[in-house]
Amino acid sequence: MTDAGDGDGRPAGGGAWSTMEWTPVRVTALYLVLGFLALVVSDLLIVAVLDDPLLSNVQSAKGAIEILATAGFIFVLTRRSRRQLRRTNNELERQREELSVLHRVLRHDLRNALTVIAGAATHLRSKRELDSEAIDHCTRIERRAERLADVVEQASQIRRITENGNDGSVLDLEATIHAAVRTVDTADASVSVDVPSDEKIVVNRLFEAAIAELVDNAISHAETARPTVDIRGSRNAEWITIRIADDGPGFPDRVRRVFARREFDQLLHLEGMGLWFAYWTVSDAGGTFRIESNEAGGTTIVLSVRRA
């Protein structure tokens, strides 16, 4: 797993060497300098040991030819790699622009269309002349439109992960968990939190939203009148492990397989994208995400994140 950065949340820097652009010419020049420096040192050793000027000159010429040939080979390889990298970057930039356009269509046009659909269904349901079957159909339309609107919002959250990148934010564990729980409607649920206090974690800045998504998911899919969600944390020398356990119906095996194998093409078979948002938020900062069963018959989401 990659290093998340320094303790203050800033990425670890490497000075001028890390910011220098290593062009083929610079790589080749550095190799030539080091190569000829090594050649001079070796020549001095040969002269000191053998005391044979002719043999020393032959060895020097041979070494110089080898260095020049190798330098040319390095130049060709680095130049070719640089061209391939530039083509790859251009392709990624084009795909990013395409995704940005698709996201705007998804977020604005689709959400507006869903608002119109839901409003029309609500208006029709208010008509007295409709029979019970028509009213039921209107209700289903409203619920489906609301669900699709949630998917649009979840897609927006996932896009923010890509935009932010691995920012290596340092957050207070206990405060972040409690803040996440406060954003969820827990009036009809029992949520308990027991995590280490005075503990800092290195995560993506959307980590709080990911925890809130997991808690809300556990409550909304519960089949009891008062769902129970238990959030516990433990730590070792390097990692913080957070376990979010519920007493719901549990995840189907197909969902576990999709996450275990990371079958992204099966995404639409899941109930929304909230779990993927949480998964990518945690993995973006070098953490891990697992789905387990628990003794209550429900599901436990196990997150491991790096200690600051």
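Basis of the calculations
- Residues numbered from 1 in each chain as written.
- Predicted model: local features only at pLDDT ≥ 70, side-chain atom pairs only at ≥ 80, totals over all residues.
- Heavy atoms only, no water.
- Helix = DSSP H or I, 4+ residues; strand = E, 2+ residues; numbered from the N terminus.
- Buried < 20%, exposed > 50% of the residue type's maximum accessible area, 1.4 Å probe, protein only.
- Contact = heavy atoms within 4.5 Å.
- Areas by Shrake-Rupley, 256 points an atom, 1.4 Å probe, with all protein chains shown as cover.
- Patch = residues over 30% accessible without salt bridge, like charges linked within 9 Å, V, L, I, M, F, W, Y side chains within 5 Å.
- Salt bridge = Lys/Arg side-chain N within 4 Å of Asp/Glu carboxyl O.
- Lys, Arg positive; Asp, Glu negative; His and termini not counted.
- Charge placed at Lys NZ, Arg CZ, Asp CG, Glu CD.
- Polar contact = N/O pair within 3.5 Å; in protein donor to acceptor, adjacent residues only side chain to side chain.
- Pairing = 2+ DSSP bridges.
- Axes fitted to C-alpha atoms, helices over the stretch in contact; angles between N-to-C directions.
- Left-handed = near helix turned anticlockwise from the far one by under 90°.
- Nonpolar A, V, L, I, M, F, W, Y, C, P; charged D, E, K, R; others polar.

The helix and strand inventory of the protein chain stands at 8 helices and 7 strands. Every one of the 308 residues in the protein chain was classed for burial, and the buried ones make up 33%. Contacts in the protein chain between residues at least 24 apart in sequence constitute 72% of all its contacts with a sequence separation of at least 6. Of the roughly 19,100 Å² of accessible surface on the protein chain, a fraction of 55% belongs to carbon and sulfur atoms.

Once that is clear, we can look at a positive patch on the surface. On the surface, a cluster of positive charge is made up of Arg79, Arg80, Arg83, Arg86 and Arg87. Turning to its location among the elements, Arg86 is positioned in helix 3 (residues 53–125).

Once that is clear, we can look at the pattern of salt bridges. Under the criterion given, the structure shown has 9 salt bridges. Here Arg307 ties to Glu199 by a salt bridge, and the two come within 2.8 Å at their closest N and O atoms. Of the two residues, Arg307 is situated in strand 7 (residues 299–307) and Glu199 in the loop between strand 2 (190–194) and strand 3 (200–203); the sequence distance between them amounts to 108 residues. Between Arg306 and Glu238 there is a salt bridge, with its nearest N and O atoms 2.6 Å apart. Residue Arg306 is located in strand 7, and its partner Glu238 is located in the loop between strand 4 (228–235) and strand 5 (239–246); the two are separated by 68 residues in the primary sequence. If you follow the salt bridges from partner to partner, you end up with Asp194, Asp230 and Arg232 in one network.

Moving on to the environment of Ser126. Summarising the element assignment, Ser126 is placed in the loop between helix 3 and helix 4 (132–164). Assessed through its relative accessible area of 52%, Ser126 is described here as exposed. Between the alpha carbons of Ser126 and Cys138 there is a distance of 9.6 Å; along the sequence they are 12 residues apart. A polar side-chain atom of Ser126 sits 2.5 Å from the main-chain carbonyl oxygen of His123.

Turning to the pairing of strand 5, a few remarks are in order. Looking down a regular strand, the side chains alternate between one sheet face and the other. Among the 8 residues that make up strand 5, 6 are buried, leaving the element largely enclosed by the rest of the structure. Of the strand pairs in this sheet, strand 4 and strand 5 are connected by 7 bridges, and their pairing is antiparallel. By the bridge assignment for strand 5, Gly233 is matched with Ile242. If you look at the hairpin formed by strand 4 and strand 5, you'll find 3 residues sitting between the two strands. One ladder, built from 7 bridges, connects strand 5 with strand 7; its direction is antiparallel. Bridging across to strand 7, Ile242 finds its partner in Leu303.

What follows covers unusual backbone geometry. Glycine aside, the phi torsion of most residues is negative, and most peptide linkages are trans. In this structure, Asp198 is a non-glycine residue whose phi angle is positive, near 50°. Following the sequence through the fold, Asp198 ends up in the loop between strand 2 and strand 3. A residue is classified by how much of its surface remains accessible, and Asp198, at 74% relative accessible area, is exposed.

Moving on to a negative patch on the surface. On the surface, a cluster of negative charge is contributed by Glu146, Asp150, Glu153, Asp185, Asp188 and Asp216. Tallying contributions element by element places helix 4 first for the negative patch, with 3 residues. When you line up the elements, Asp150 lands in helix 4.

Before going further, it helps to spend a moment on the packing of helix 6 (residues 207–220) against helix 8 (residues 274–284). At a minimum axis distance of 9 Å, the contact between helix 6 and helix 8 shows a crossing angle of 145°. In this structure, helix 6 meets helix 8 at a crossing whose hand is left-handed. When helix 6 is examined against helix 8, the residues Phe207, Ala209, Ala210, Glu213, Leu214 and Asn217 are found in contact with a partner set consisting of Gly274, Leu275, Phe277, Ala278, Thr281 and Val282. Tallied by class, residues from the contact of helix 6 with helix 8 come to 8 nonpolar, 3 polar and 1 charged.

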